[in-house]
2 protein chains.
Amino acid sequence: MKKIALDTPAILVDLDVVEANIAKFQNYCDSHGLKVRPHIKTHKLPRLAHYQIKQGAIGITCQKISEAETMISQGGIEDVLITYNILGEAKTKRLRALSEKVRLSVVADNATVIEGLSKAFADAPAPLPVLVECNTGADRCGVATPEIAAELAQRIDTLPGLKFLGLMTYPPTGKLPEVAKWLAEARDLITVKGLSVEVISSGGSPDMWQAHEMPLATEYRIGTYAYNDRSLVNRGVCTWDDCALTVLATVISVPSKHHAVIDAGSKVLTSDLLGLTGHGHVLSRDDLMIDQLSEEHGRITSQQDINLKVGDQLRIVPNHACVVANMLDHVELVRSETHLESTSVIARGQVW
Amino acid sequence: MKKIALDTPAILVDLDVVEANIAKFQNYCDSHGLKVRPHIKTHKLPRLAHYQIKQGAIGITCQKISEAETMISQGGIEDVLITYNILGEAKTKRLRALSEKVRLSVVADNATVIEGLSKAFADAPAPLPVLVECNTGADRCGVATPEIAAELAQRIDTLPGLKFLGLMTYPPTGKLPEVAKWLAEARDLITVKGLSVEVISSGGSPDMWQAHEMPLATEYRIGTYAYNDRSLVNRGVCTWDDCALTVLATVISVPSKHHAVIDAGSKVLTSDLLGLTGHGHVLSRDDLMIDQLSEEHGRITSQQDINLKVGDQLRIVPNHACVVANMLDHVELVRSETHLESTSVIARGQVW
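The name given to chain A in an unreviewed UniProt entry is D-serine deaminase, pyridoxal phosphate-dependent, and the organism recorded there is Cohaesibacter gelatinilyticus.

Novice: How should the UniProt feature "domain: D-serine dehydratase-like" (unreviewed entry) in chain A be read in this particular structure?
Specialist: The UniProt entry lists residues 244-335 of chain A under the feature "domain: D-serine dehydratase-like" (unreviewed entry), expressed in the numbering used here. Helix makes up 9% of residues 244-335 of chain A and strand 43%, whereas the separation of the span's terminal C-alpha atoms amounts to 10 Å.

Novice: Hey, could you run me through the relation of the copies chain A and chain B in this one?
Specialist: One copy of the chain maps onto the second through a rotation about an axis and a displacement along it. Placing chain A over chain B gives an RMSD of 0.0 Å and needs a rotation angle of 180 degrees, together with 0.0 Å of translation along the axis. As the rotation angle and translation indicate, the two copies are arranged about a two-fold axis. Considering only C-alpha atoms, the residue of chain A closest to the rotation axis is A:Ser271, which sits at 2.6 Å. The share of interface residues of chain A whose copies in chain B are also at the interface is 100%, consistent with both copies meeting through the same surface.

Novice: In this structure, what is going on with the domain arrangement of chain A? I would like to understand it.
Specialist: All names here are of chain A. Entries for chain A in the domain assignment read domain 1 (16-225) and domain 2 (231-344). A separation of 33 Å is found between the C-alpha centroids of domain 1 and domain 2. In this assembly, 16 residues from domain 1 lie in contact with 18 residues from domain 2. Where domain 1 meets domain 2, there are three salt bridges. Its salt-bridge partner being Asp-16, residue Arg-335 comes within 2.7 Å of it at the nearest N-O pair. Put simply, domain 1 and domain 2 have six residue pairs in polar contact (both at pLDDT 80 or more) between them. The element that contributes the greatest number of residues to the side of domain 1 that touches domain 2 is helix H1 (residues 15-31), accounting for five residues. When the residues that make up the side of domain 1 that touches domain 2 are grouped by side-chain class, the tally is six nonpolar, five polar and five charged.

Novice: What is the right way to read the environment of A:Ile58 from this model?
Specialist: Residue and element names in this part refer to chain A. With respect to the helices, strands and loops of the structure, Ile-58 is situated in the loop between helix H2 (46-54) and strand E3 (60-62). Accessibility expressed as a relative area gives 29% for Ile-58, which makes it partly exposed. A sequence separation of 22 residues divides Ile-58 from Val-36, and the C-alpha atoms of the two residues are 6.2 Å apart. Other than its neighbours up to four places away in sequence, Ile-58 contacts Lys-35, Val-36, Arg-37, Asp-79 and Glu-219.

Novice: How should I be thinking about the pattern of salt bridges in this particular structure?
Specialist: A side chain with one charge may pair with a side chain of the opposite charge, provided their charged atoms come close. Across all of its chains, the model carries 52 salt bridges over all chains by this definition. A:Lys163 serves as the salt-bridge partner of A:Glu198, at 2.7 Å between the closest nitrogen and oxygen. In this pair, A:Glu198 sits in the loop between helix H7 (176-192) and strand E8 (199-203) while A:Lys163 sits in strand E7 (residues 162-169), placing the two residues 35 residues apart along the sequence. What makes A:Glu198 partly exposed here is its relative accessible area of 45%. For A:Lys163, a relative accessible area of 30% puts it in the partly exposed group. Here A:Arg299 ties to A:Asp291 by a salt bridge, and the two come within 2.9 Å at their closest N and O atoms. Given the relative accessible area of 32%, A:Asp291 is considered partly exposed. Salt bridges here are not isolated pairs; linked through shared partners, they connect A:Asp7, B:Glu69, B:Lys91 and B:Arg94.

Here is what the cut-offs are and how they apply
Within every chain, residues take consecutive numbers counted from 1 along the sequence as written. All chains are assigned letters beginning with A, and all ligands numbers beginning with 1, in the order in which they are written. The predicted origin of the model limits local features to residues at a pLDDT of at least 70 and limits the giving and counting of side-chain atom pairs to 80 or more, whereas totals for whole chains, interfaces and linings rest on all residues. Excluded from the side-chain calculation are hydrogens and water; included are all heavy atoms of the structure. UniProt positions are given in the numbering used here, feature names are shortened, and annotations may be inferred rather than shown by experiment. A run of H or I in DSSP becomes a helix once it reaches four residues, and a run of E becomes a strand once it reaches two; helices and strands are each numbered from the N terminus. Least-squares superposition aligns the copies on the C-alpha atoms of those residues with pLDDT at or above 70 in both. Pairs of residues are marked as contacts when any of their non-hydrogen atoms sit within 4.5 Å. The split into domains, and so the bounds of each, comes from an automatic or database assignment of domains. In the sections that follow, a salt bridge refers to a side-chain nitrogen of Lys or Arg positioned within 4 Å of a carboxyl oxygen of Asp or Glu. A 3.5 Å cut-off defines polar contacts: any pair of N or O atoms within that distance qualifies, except that in protein one atom must be a possible hydrogen donor and the other a possible acceptor, and neighbouring residues in sequence count only when both atoms are side-chain atoms. Side-chain classes follow a simple rule in which Ala, Val, Leu, Ile, Met, Phe, Trp, Tyr, Cys and Pro form the nonpolar group, Asp, Glu, Lys and Arg form the charged group, and the remainder, Gly included, forms the polar group. Relative accessibility thresholds used throughout: buried, under 20% of the residue-type maximum; exposed, over 50%; partly exposed, between the two (1.4 Å probe, protein chains only).

This is the structure in structure tokens:
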């Protein structure tokens, strides 16, 4: 690999690869009649959100209101789904303000949340569309059964300022038939109550190429696919060449024949393992293992002669791209080995 | 616990606890004639660096030049040790500029690094003091043997623009006698060469109360002690009451009798485990386990009835305080349950 004239550690985003990743999944969804609603938590960059919409995405997904506020403040985004239980007056007021700027929808899985939303939207010019979040096996948020989903849908329908829009889930990996059964049951129970289930929102990068196997979904939320990462290569979802985000690091010490140290630690690569061993994949060096991170050091080992010298540059595909994109204020946009510009990750650290 | 009127998730720093932590360790070191050089990587706040110096610290430690630049730009810091192999012309030039503002020293463990430093400092008004970093068992950076330490010390002494200052190590936990033997050997080999070993710098919070057992150390670098965290409570170094940094989170979902979800995930608590199970300790609720994090969700489980409702606030001691302080642009300064002000973590994300 050619040496890149950038101070390290740096987070590189290869736009050639990003654009190909976005186009490939958009084409796949287009061919199956599935709408794409990318999750901006991966890149946190308005320019990439705009690119996704230009390629055919119907809008974006955000996890927190502050992410949505940041993306919307840059203009051009007209449709945002916030896939989070929004709680507390400080937050519902901001949501209300946001709803006057763009087409907004949210999710909820409990009565406290929808009552708070209703209070904030009771006198709104238009009702806030709410999807019921369903726990189809991932055991994070979500109502526990299709029956509870139907009850909550009805409760949303009766509350002032709210409109029941549909169902949302983050399916557990490799369980699409079970998820489809769960959602179909909930949909049928809700339909019986006289309500319309306009949207069924599924998502997740690990099962992205199986998305068509659950035809009752109308929308697909997807984040990591734009960058890809070691976890997705490991699952067979993509190849190293499809990984758009890499960490550029420099070898700062080679203390022994089988061990070197780079200037990127957990403050860049993060400690996310996602079930993997080691902290990233060094491109073009399958023999190397990043076996230990401290905040500013990454330790690299090899069973063979490590064959690295102080000053060498390495390019690393991290375990989890989304969390790496959250660590620094800037990422470096490149095309192959050509540096284009440094850009501010403006939705970084937006957890409110 | 009283509810704190802050939007969540938030990182709280209790100044009462910080001040007590700083005073306690300073007193301990004073009583043993050991100089304290706090590592600002934990708090990243100039005001706390100033407080540490006012209490008797001789200066600060930084890991990267950008941290040092940020701390110095706020004024009042006069002595900085950067415990990192500084490599590349871009960085050595910045180091040179910094050396004209404050008393600066660095470490090195290889010839490439000291040659680069020498090039940048050859025409400096005063030589740059360099400590040799020693691998005394932590197997990160550092020369492998006392003999190599002595050779590198001599090489530093002969290079223009540099001055050999002493030895630096980050000792492996619980191995102080072995570390002391290593350093004494290196010191003696260097003294035989006619060089003076002015500084022997040790450090680390896990063994902080054993620091006096290695009397040949002249300085002690310490970071986490200011905040403490779950890893240090687990090691018996401090108690929950000594933990100054906590994460304030809100329960956003209680999907089942034994499971709840909070609005703080890995974007606040981080995935650092430091050998522990779970992602933090919920204060006043020993029965709860934070068993899973995604970026914006923390899942909490209990063997008993979880006894939480949507809207409840929890205060969490994270596994590792330093990395949590790196996640958000602001921390909230408190004294007990009283919020004082929000302050910018200005040395956050400074990895260059």
